[in-house]
Amino acid sequence: MLVGFAAVLMWSTVAVGFKLGLRSMEPIQLLWIGCCFSWVLFSICCVVLPSQPRATKHAARASLLGLLNPLLYYIVLLTAYDLLPAHVAQPLNYTWAIVTALLAIPMLRQKLNRSTLIGILVGYFGVLLLVTKGQLTSALGFDPVGIGLALASTLVWAIYWIWSVTVRLEPWWFMWYGFTVAVPLLTILCYFTEGFPRLIWSNFGYGAWIGLLEMGFAFLLWQRAMSTTSSVATLSQLIFLSPMISLILIYTILGESIHYTAFIGICMIFLGLYVVNRQRVNDRTDIVT
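Owing to the predicted nature of the structure, the values given are computational and were not obtained by experimental measurement.

Cut-offs applied
- Residues numbered from 1 in each chain as written.
- Predicted model: local features only at pLDDT ≥ 70, side-chain atom pairs only at ≥ 80, totals over all residues.
- Heavy atoms only, no water.
- Helix = DSSP H or I, 4+ residues; strand = E, 2+ residues; numbered from the N terminus.
- Rg over C-alpha atoms; globule rule 2.2 N^0.38 Å.
- Buried < 20%, exposed > 50% of the residue type's maximum accessible area, 1.4 Å probe, protein only.
- Contact = heavy atoms within 4.5 Å.
- Areas by Shrake-Rupley, 256 points an atom, 1.4 Å probe, with all protein chains shown as cover.
- Patch = residues over 30% accessible without salt bridge, like charges linked within 9 Å, V, L, I, M, F, W, Y side chains within 5 Å.
- Salt bridge = Lys/Arg side-chain N within 4 Å of Asp/Glu carboxyl O.
- Core = buried A, V, L, I, M, F, W, Y, C linked by side-chain atoms within 4.5 Å.
- Axes fitted to C-alpha atoms, helices over the stretch in contact; angles between N-to-C directions.
- Parallel < 35°, antiparallel > 145°, perpendicular 65-115°, else oblique.
- Left-handed = near helix turned anticlockwise from the far one by under 90°.
- Nonpolar A, V, L, I, M, F, W, Y, C, P; charged D, E, K, R; others polar.
- pLDDT = per-residue confidence, 0-100.

Colleague: Sorry if this is basic, but what is going on with the overall build of the protein chain here?
Modeller: Each helix and strand in the protein chain was counted, giving 14 helices and 0 strands. The linear arrangement of helices and strands in the protein chain, starting from the amino end, is α-α-α-α-α-α-α-α-α-α-α-α-α-α. Computed over its C-alpha atoms, the radius of gyration of the protein chain comes to 18 Å, within 12% of the 19 Å expected for a compact globule of 289 residues. Taking the principal axes of the C-alpha coordinates as reference, the protein chain spans close to 55 × 45 × 35 Å. Across the 289 residues that make up the protein chain, the buried fraction comes to 51%. A separation of at least 24 residues holds for 87% of the contacts in the protein chain among residues at least 6 apart in sequence. Carbon and sulfur atoms make up 68% of the accessible area of the protein chain, which amounts to about 13300 Å² in all.

Colleague: Looking at this structure, how should I read a nonpolar patch on the surface?
Modeller: A grouping of Leu 64, Leu 67, Leu 185, Ile 188, Tyr 191, Phe 192 and Phe 196 is seen on the molecular surface, where their side chains present a nonpolar patch of about 740 Å² in accessible area. With 4 residues, helix H10 (residues 171–192) is the largest single contributor of residues to the nonpolar patch. Within the secondary structure, Leu 67 sits in helix H5 (residues 67–83). A relative accessible area of 37% means that Leu 67 is categorised as partly exposed.

Colleague: So what exactly am I meant to see when it comes to the nonpolar core here?
Modeller: Nonpolar side chains in soluble globular proteins generally cluster together in the buried interior. Phe 18, Tyr 81, Leu 84, Leu 92, Phe 174, Trp 222 and Leu 273 are the most contacted members of the largest nonpolar core, which totals 87 residues. Top contributing element to this core by residue count: helix H3 (residues 27–48), with 10 residues. If sequence neighbours within four positions are ignored, Leu 273 has contacts with Tyr 94, Thr 95, Ala 97, Ile 98 and Phe 240.

Colleague: When you look at the packing of helix H1 (residues 2–12) against helix H13 (residues 241–254) in this model, what are you seeing that I'm missing?
Modeller: To describe two helices that pack against each other, one gives the angle between their axes and the distance between the axes. Running from N to C, H1 and H13 cross one another at 40°; their axes reach a closest spacing of 8 Å. Classed by the angle they form, the pair H1 and H13 counts as oblique. H13 is crossed by H1, and the crossing has right-handed handedness. Two secondary-structure elements touch here, H1 through Phe 5, Val 8, Leu 9, Trp 11 and Ser 12 and H13 through Leu 241, Ser 242, Ile 245, Ser 246 and Leu 249. Classifying every residue of the contact of H1 with H13 by side-chain character gives 7 nonpolar, 3 polar and no charged.

Colleague: Would you mind going over the confidence of the model for the protein chain with me for this structure?
Modeller: Reading predicted coordinates in detail is not appropriate for stretches of low pLDDT. Counting all residues, the mean pLDDT for the protein chain is 87, and 92% of those residues have values of 70 or more. The model gives residues 284–289 a pLDDT under 50, and that stretch makes 23 contacts with residues more than four places away or in other chains.

Right under this line is the structure:
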C-alpha cells in the first residue's frame, strides 16, 4: 500500500508538470525530452534488475505497442493539455477506465452487466456536466478540439492496455522496447515539425518530471505494488486519490479558476469510475494504470 501510494502521489503532480512544461515547449518537444529520460531509466533497469529470457514474439509485440504508448497516446494527451485547462483535461483522460470496460466487450468478449452500465452512464454524465459548465443544452464550455483529443487519448490508452496484457515481459523490459521504438520516431517528428526545444535547465527539469515520474518511477512502483499486494481490490482504489490531490495542486500552483459545476462533474466521473473499476476487479480483470 505504501509503494502504491507513492506511485499515486507521483501521478498527482503530472497535470501541473504538463501545463508548466507546455508554457515553454510545444507538446512534441516536451514529449521528446520526457521520453529520452524514460528510455535512460528503463535502460538502467534492464541492466541492473533481474529478468528471465522471453520469446522474441513478446519483444516484437512490446515494440509495436510503443507506437501507441508513448508515441501516439502522449502526443494526443499533451496536445489536449495544451488546449484545455488542466482541471478539465485530467478527469477527461481518467475516463480511459470506462472506455476499457466498453472495449472489453468486443475485444475480450466480456459481458456488460448492470453495475458496469450504471457506472458508465454516471461517468459520462459527469463528463457532459464538466465540459458544458452545467449548461447542458448550450455549446461546449471549452475548446472542442481539446475535448475531443482528451477523450481520444482514453481510446488509445484502452486499446494499448488490452493488447498489452498478452505481452509476457518484465515491466522494465516491456517499457524499454516501447520507448526504444518511440524515441527515434519522436526525434524525427520533432526535427521536421517544431524543431528541438531549447536545451535549458528548466526544459530539462520539466522533461525529467514527465519522463521519470509519469512514465518511469510511478509505473515501476505501481507494478511492484500490484505484484506484492494481498488485496488488488483495495490497492486499485488508491488511484482515485490522484485526481483529488491533483485538483488541489492545479488550483494552488497553476491558479486555475474552477467552475463550481466542475466539482460536481468530476465527482460524478470518479463515482462512475469507482463502480466500473470495482466490477472489473470482481471479474478478475483488474485495471492497471
